[in-house]
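# Topology and contacts: notes
Each chain, written out:
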Amino acid sequence: MKLVWFLNNLRSHDNQALTRACAAEHGDEPVIALYCFDPQFFSSDPFGFPRTGKFRAQFLLESLEDLQQQLTDLNIPLLIRVGAPAQIIPELVAEHGVTELFLQREWTRDERAALASLRAAPAMDAVHFHTDYDQFLIHPDDLPFAEVTELPEVFTQFRQVVEQQLPIRSPLPTPKARLARNLTAAGGSSPLPTLEALGLEQPAADPRSAFPFLGGSSAGKQRIEDYFWRSENITRYKHTRNGLIGTEYSSKLSAWLANGSLSAREVYAELKRFEREIRANEDTYWLHFELLWRDYFKYISLKHGDRLFALGGIRAREYQWQLDPEKLAAWIDGRTPYDFVNANMREFAATGWMSNRGRQNVASYWAKELQQDWRAGAAWFESQLIDYDVHSNYGNWMYNSGVGNDPRDRRFNIGRQAENYDPDKLYRKLWLGN
Ligand SMILES: Cc1cc2nc3c(=O)[nH]c(=O)nc-3n(C[C@H](O)[C@H](O)[C@H](O)COP(=O)(O)OP(=O)(O)OC[C@H]3O[C@@H](n4cnc5c(N)ncnc54)[C@H](O)[C@@H]3O)c2cc1C
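Residues numbered from 1 in each chain as written. Predicted model: local features only at pLDDT ≥ 70, side-chain atom pairs only at ≥ 80, totals over all residues. Heavy atoms only, no water.

## Looking at helix α5 (residues 155-165)
This is how the line gets drawn: For every residue, the accessible area (1.4 Å probe, protein chains only) is compared with the maximum for its type, and the residue is labelled buried under 20%, exposed over 50%, or partly exposed between those bounds. Only DSSP runs of H or I covering at least 4 residues are called helices, and only runs of E covering at least 2 are called strands; the numbering of each starts at the N terminus. Working definition: the arc comes from the directions between the helix axis and the C-beta atoms, pointing outward to the latter. Only heavy atoms enter the contact rule, under which two residues are in contact if any of them lie within 4.5 Å.
Of all the residues in α5, the buried ones are Phe155, Phe158, Arg159 and Val162. Taken around the axis of α5, the buried residues stretch over an arc of 95°, which confines them to a single face. Across from the buried face of α5, at angles greater than 90 degrees, the exposed residues are Gln164 and Gln165. For α5, the secondary structure elements touched by its buried residues are α10 (282-304).

Here it is, written out as structure tokens:
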């Protein structure tokens, strides 16, 4: 029996692990799928925040429900388990005679540790692991560097190299459906846990939210349909992307990309099709540009490993960091001297979403103006963000805190940012009232 262990690749299309497991050379051998709610990602972090908060947990449950339906259409059961993979997977191996395991390759600290514990389980000795990088736009094997250590530290240099020389692989098709009897292999699909069972409360819907979308590939594809093809707002993207209010100022694709219900390759392929069939302009190009930022932070994390989480960051810079619990609470609650910071933090607390402009400002305020431990800010984001992605979150936090890859080491003038991006105070009024 073959087991596909789903991580942040929650889709049945353009999925290397699933495609390999279903490949013809393996014949009709049963294929089963698994998602593990790993308790380490639902525990409290060192700053006391739940590592996965209610907004992302809700989005994850919706994504899994959608994935389970997609896999059912392929006659593949999706088993759901709550527990450490190093315990759950060996049990499945022993019970069902699993001989091959297929998964997306991850490299960050906690994901590596989970995999190392799994490999160490005696039951796994006879299991063949197949791992593939599947979260990038540009596959690591296609990079023109012999070693990851040769990757440029500055985004522009990275972009110039990858943009000019490199192919972007086409998305893989969804595998063919298996025989109907495969659907009941290993006892068939299992129900999802509730939010309450995960120790979280149901988030209240806020009508002001800029991210009112559901999780899952179906909703992600619908968002591409709406943002690209129906409204054609993608043709205005570069001019609207610094907006603060509503669903349309930016693509909002990040949350589906983060848990892999959409792949970066498929977004890119759809963008290229739109450019061929409707229009290509500077705005449509800019989405490609931003997807390269996403890849860049993944490569920076691949290059620097656990330095991603170090106080001195990848630059090993020494600042006089402090951590004042009252300042942390005031920042989180939106009670700072800056109404622009407060509006963003209130939006974040109420919805799990914040614009890129907001994220830059509140991070700069926390780390550069207050000089508070940037990792506490990053941890609050990790807890709260619907679109949390370990590479993008810690990479951007380092960048904005002066310990990452910003060659100019900028500090935001928050008063001026508020005037430029919220000149009529509409955004601040929306979240703070009058
Ligand atoms: C402090 C801080 C923390 C952040 N944490 C995360 C995070 O955990 N997860 C996350 O996906 N993004 C993170 N970002 C990056 C960025 O803010 C979001 O990707 C973006 O706001 C998501 O909205 P969108 O999908 O509408 O983006 P768009 O503007 O429509 O961009 C399209 C896509 O490009 C990628 N992208 C855009 N900007 C960036 C960027 N600066 N870094 C990496 N990728 C980018 C995203 O995948 C995004 O979906 C963070 C930024 C900051 C300043």
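That shown, we press on.
## Some details on the sheet that holds strand β1 (residues 2-6)
This is how it is decided: Any two strands with at least two DSSP bridges between them are considered paired. The angle between two axes is taken between their N-to-C directions and runs from 0 to 180 degrees, where each axis is a line fitted to C-alpha atoms and a helix contributes only its stretch in contact.
Strand order across the open sheet formed by five strands is β3-β2-β1-β4-β5, with parallel pairing between neighbours. Looking at strand neighbours, the two that pair on one side only are β3 (78-82) and β5 (128-132), the edges of this open sheet. Adjacent strand axes in the sheet meet at a mean angle of 25°, parallel and antiparallel pairs treated alike. Here strand β2 (residues 31-37) runs beside β3; their pairing, made up of five bridges, is parallel. In the sheet register, Phe37 faces β3, and the bridge partner there is Val82. Those strands touched by helix α3 (residues 85-96) are β1, β2 and β3, and its axis lies near 155° from that of β2. Strand contacts of helix α4 (residues 109-120): β1, β4 (100-104) and β5, with the helix running at about 165° to β5, the strand carrying the most contacts.

## Focus: the domain arrangement of the protein
Applicable threshold: In this document the domain limits rely on a domain assignment from an automatic tool or a database. Using a 1.4 Å probe, buried area is obtained as the accessible area two parts lose upon being combined, added over both of them. Throughout this description, the term salt bridge denotes a Lys or Arg side-chain nitrogen within 4 Å of a carboxyl oxygen of Asp or Glu. Between N or O atoms, a polar contact is any pair within 3.5 Å; within protein, one atom must be a potential hydrogen donor and the other a potential acceptor, and residues adjacent in sequence are included only when both atoms are from side chains. Here the term charged refers only to Asp, Glu, Lys and Arg, the term nonpolar to Ala, Val, Leu, Ile, Met, Phe, Trp, Tyr, Cys and Pro, and the term polar to all other amino acids, Gly among them.
For the protein, the assigned domains are domain 1 (2-134), domain 2 (135-165 + 217-304) and domain 3 (310-432). When each unit is reduced to the centre of its C-alpha atoms, the spacing between domain 1 and domain 3 is 32 Å. Of the roughly 1,300 Å² buried where domain 1 meets domain 3, counting both sides, 64% is carbon and sulfur surface. Across the domain 1-domain 3 interface, the total number found is one salt bridge. Arg51 is the partner of Glu382 in a salt bridge, and the nearest nitrogen-oxygen pair spans 3.1 Å. The interface formed by domain 1 and domain 3 includes five residue pairs in polar contact (both at pLDDT 80 or more). A per-class count over the side of domain 1 that touches domain 3 returns six nonpolar, three polar and three charged.

## Quick notes on the site of the ligand
For clarity, the cut-off: Working definition: residue near molecule or strand if any one of its non-hydrogen atoms lies within 4 Å of it. The accessible surface values rely on the Shrake-Rupley method and a 1.4 Å probe; as for residues, cover is taken only from the protein chains in view.
Near the ligand lie 28 residues; those nearest to it are Tyr237, Ser250, Ser251, Lys252 and Asn356. Separating an oxygen atom of the ligand from a backbone N or O atom of Lys252 is a distance of 2.6 Å. In the environment of the ligand, a nitrogen atom lies 3.4 Å from a nitrogen or oxygen atom belonging to the side chain of Asn393. Starting from 820 Å² of accessible surface for the ligand in isolation, the protein chains cover 96%. A breakdown of the residues in the shell around the ligand according to their chemical character gives 13 nonpolar, nine polar and six charged. Shared between two domains, the shell around the ligand holds at least three residues of each, these being domain 2 (135-165 + 217-304) and domain 3 (310-432).

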